[in-house]
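Spelled out, the chains give:
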Amino acid sequence: MLRRAAPTAAALCRRAVSTSPSPSPTAAATAAASSSAVNSILLRSLKEHYLEVSKMAPPPKTSPPKPFTIVKGALDQASGPVLRREYGDAGEEISISVGRLANILPPDADSDSEGAGGDDGLSASISQLLLHVDISKPGTGKSLQFLCGLYPDAIGIHSVCLRSKDAESLEGNKASKADGEYRGRIFQELDEKIRDSLHLYIEARGINEKLFPFLQAWLYVKDHRNLIRWFKSVGTFISEPKP
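Residues numbered from 1 in each chain as written. Predicted model: local features only at pLDDT ≥ 70, side-chain atom pairs only at ≥ 80, totals over all residues. Heavy atoms only, no water.

Trainee: When you look at the overall build of the protein in this model, what are you seeing that I'm missing?
Mentor: A tally of regular secondary structure across the protein gives six helices and six strands. If you list the helices and strands of the protein from N to C, you get α-α-α-β-β-β-β-β-β-α-α-α. Residues counted as buried form 30% of the 243 residues belonging to the protein. By sequence separation, contacts in the protein at least 24 residues apart represent 57% of the contacts at least 6 residues apart. (Helix = DSSP H or I, 4+ residues; strand = E, 2+ residues; numbered from the N terminus. Buried < 20%, exposed > 50% of the residue type's maximum accessible area, 1.4 Å probe, protein only. Contact = heavy atoms within 4.5 Å.)

Below is the structure:
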């Protein structure tokens, strides 16, 4: 009796579907028109900003201080070294990656700093650069790595450590903190003479404020290219018809 009286789950689902109101053709058409209008507004805005950004004048072309050379294809890579050079009789290999110092500082940390905007349109955040310096020797499995802040008239070391060459990138190394390798002390906790000696060590290898004009211009061009590419990619995604 109970089995006969109680409707099955399948029957309940069929009943619910049969009694639920279906969207009218008018409502569906209105929703489609509204979506199309929103897409049109967004595409128009993307195109306007794309044209505005594409008209921005690039910074004056500059070259890195010799003997640093530009890594081929660096502008088209998401990350990685920008400059390379060799140093000394031991054939040290030095590579430099660059980013915005603002990416690791609190949002208001550089609010009172002098921007490099002005006439050339560079934002204040590109007047404070973050350098990842990798120094290695042929035949060794280690590299000495520095994280530095670079400014128009100065350079400062934030951290220094000896790492395996397999952990070259800063991002990749975050995932290997538990590998048991001792990283050394926090830089500011080191003796002042050691800190001064480490500054002399990198400056002797040409890592100083003279790198700033080139790296600032290079980072601006890279950001500009990325923004242009982003506008085009988003516009293409929105305008592509559904499969």
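Trainee: In this structure, what is going on with the sheet that holds strand β5 (residues 142-151)? I would like to understand it.
Mentor: What links the strands of a sheet is backbone hydrogen bonding, and the strands pair in either a parallel or an antiparallel sense. Spatially, the six strands line up as an open sheet ordered β1-β2-β3-β4-β5-β6, and their pairing is antiparallel. In this open sheet, the two strands that pair with only one neighbour each are β1 (69-70) and β6 (154-164). Across ten bridges, the pairing between β5 and β6 is antiparallel. Residue pairing for β6: Gln145 is matched across the bridge by Cys161. Sitting on the sheet, helix α5 (residues 192-204) is in contact with β2 (83-87), β3 (92-100), β4 (129-136), β5 and β6, with an inclination near 90° to β6. Contacting β1, β2, β3, β4 and β5, helix α6 (residues 212-239) crosses the sheet at an angle of about 55° to β3. (Pairing = 2+ DSSP bridges. Axes fitted to C-alpha atoms, helices over the stretch in contact; angles between N-to-C directions.)

Trainee: Sorry, what's going on with the pairing of β3 here?
Mentor: The side chains of a regular strand alternate, first on one face of the sheet and then on the other. Summarising burial for β3: seven of the nine residues are buried, a large majority. As paired strands, β2 and β3 are joined by five bridges and run antiparallel to one another. Looking at β3, one finds that Leu83 is bridged to Ile96. Linking two consecutive strands that pair antiparallel, namely β2 and β3, is a turn of four residues; a positive phi of about 75° is found at Gly88 within it. Bridge count between β3 and β4: eight bridges; the pairing is antiparallel.

Trainee: Please clarify how the packing of aromatic side chains should be interpreted in this entry.
Mentor: The description of an aromatic ring pair rests on the distance of the ring centres and on the angle between the ring planes. Throughout the structure, instances matching the rule amount to two aromatic pairs. A cation over an aromatic ring shows up here: Arg85 above the ring of Phe68, its NZ or CZ 5.5 Å from the ring centre. Taking NZ or CZ as reference, Arg205 lies 3.6 Å from the ring centre of Tyr201, over its face. (Phe/Tyr/Trp six-rings, centres within 6.5 Å; stacked < 30°, edge-to-face > 60°. Lys NZ or Arg CZ within 6 Å of the ring centre and 35° of its normal.)

Trainee: Is there a simple way to think about unusual backbone geometry in this case?
Mentor: Residues apart from glycine generally show negative phi values, whereas peptide bonds are mostly found in trans. The residue after Lys66, namely Pro67, is reached through a cis peptide bond having omega 5°. Assignment of secondary structure puts Pro67 in the loop between α3 (25-54) and β1.

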